[in-house]
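Below, each chain spelled out in residue letters.
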Amino acid sequence: MIKNTLTGKQKRFLRSLGMTLEPIVPIGKEGITPAVVNSADEAIEKRELIKVRVLQNCPEDIEVAITTLAERTNCDLVQIIGRNGLLWRRNFKKPKIELPNQK
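So, here's what we can say about the structure. (Residues numbered from 1 in each chain as written. Predicted model: local features only at pLDDT ≥ 70, side-chain atom pairs only at ≥ 80, totals over all residues. Heavy atoms only, no water.)

Attention shifts here to the overall build of the chain. From N to C terminus, the chain includes three helices and four strands. Going from the N terminus to the C terminus, the chain shows its helices and strands as α-β-α-β-α-β-β. For the chain, the C-alpha radius of gyration of 13 Å lies close to 13 Å, the compact-globule estimate for 103 residues. Projecting the C-alpha coordinates of the chain onto the three principal axes gives extents of approximately 40 × 25 × 25 Å. Relative to all contacts within the chain whose residues are 6 or more apart in sequence, the contacts with residues 24 or more apart total 72%. Put simply, the chain shows about 6400 Å² of open surface, and 50% of that area lies on carbon and sulfur atoms. (Helix = DSSP H or I, 4+ residues; strand = E, 2+ residues; numbered from the N terminus. Rg over C-alpha atoms; globule rule 2.2 N^0.38 Å. Contact = heavy atoms within 4.5 Å. Areas by Shrake-Rupley, 256 points an atom, 1.4 Å probe, with all protein chains shown as cover.)

Laid out in structure tokens, this is it:
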């Protein structure tokens with residue numbers, strides 16, 4: 001189940017941060033494999049906000065692939081644009097991104 005704990009204001013803030021990010025986790029011809037999930041999980045643990053890209057040879061639908069990865073890494077899906085998706089999960093031990101208040 002995808003967590004939906006972000007408000008609209010927080011999603012806008014994360015989208016603005018994601019504009020400058022390069023995709024660091026590619027989803028290729030194998031689809032969502034345990035290696036892709038582990039790679040995304042490690043990157044999210046370090047950065048909190050990552051961009052993933054679904055390559056053209058991926059057998060799965062773009063939206064399905066990104067939402068599946070978000071579910072398996074227990075992340076919030078911030079947005080999907082084209083072949084790119086933005087995933088966020090708070091690191092409670094060493095937070096890097098301070099979200100705007102919930103109001």
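Anyway, onward from the coordinates.
Time to look at the pairing of strand β2 (residues 49–54). Here β2 lies mainly inside the structure; five of its six residues are buried. As paired elements, strand β1 (residues 25–27) and β2 share three bridges and run parallel to each other. Within β2, the residue paired with Pro26 across the bridge is Arg53. Between the parallel elements β1 and β2, the chain passes through helix α2 (residues 34–47) in a crossover that is right-handed. Strand direction decides the pairing type here: β2 and strand β4 (residues 84–88), joined by five bridges, are antiparallel. By the bridge assignment for β4, Val52 is matched with Gly85. (Buried < 20%, exposed > 50% of the residue type's maximum accessible area, 1.4 Å probe, protein only. Pairing = 2+ DSSP bridges. Right-handed = clockwise from strand over helix to strand, strands pointing away.)

What follows deals with the nonpolar core. Counting 19 residues, the largest nonpolar core has Ile27, Ile50, Val52, Leu69 and Leu87 as its most contacted members. Among the elements of the structure, β1, α2, β2 and α3 (62–72) are those that each provide at least two residues to this core. With residues near it in sequence (within four places) discarded, Ile50 still touches Leu21, Ile24, Val25, Ala40, Ala43, Ile44, Gly85, Leu86 and Leu87. In terms of nonpolar packing, the next biggest core, distinct from the first, is built from eight residues, Leu6, Leu14, Leu86 and Trp88 among them. (Core = buried A, V, L, I, M, F, W, Y, C linked by side-chain atoms within 4.5 Å.)

In a beta sheet, neighbouring strands are held together by backbone hydrogen bonds and run either parallel or antiparallel to one another. With mixed pairing, four strands are arranged side by side in an open sheet as β1-β2-β4-β3. Edge positions in the open sheet fall to β1 and β3 (76–81), since each of these has one partner strand only. In this sheet, adjacent strand axes meet at a mean angle of 25° when their direction is disregarded. Along the sheet, helix α1 (residues 8–18) makes contact with β2, β3 and β4, crossing β3 at roughly 55°. (Axes fitted to C-alpha atoms, helices over the stretch in contact; angles between N-to-C directions.)

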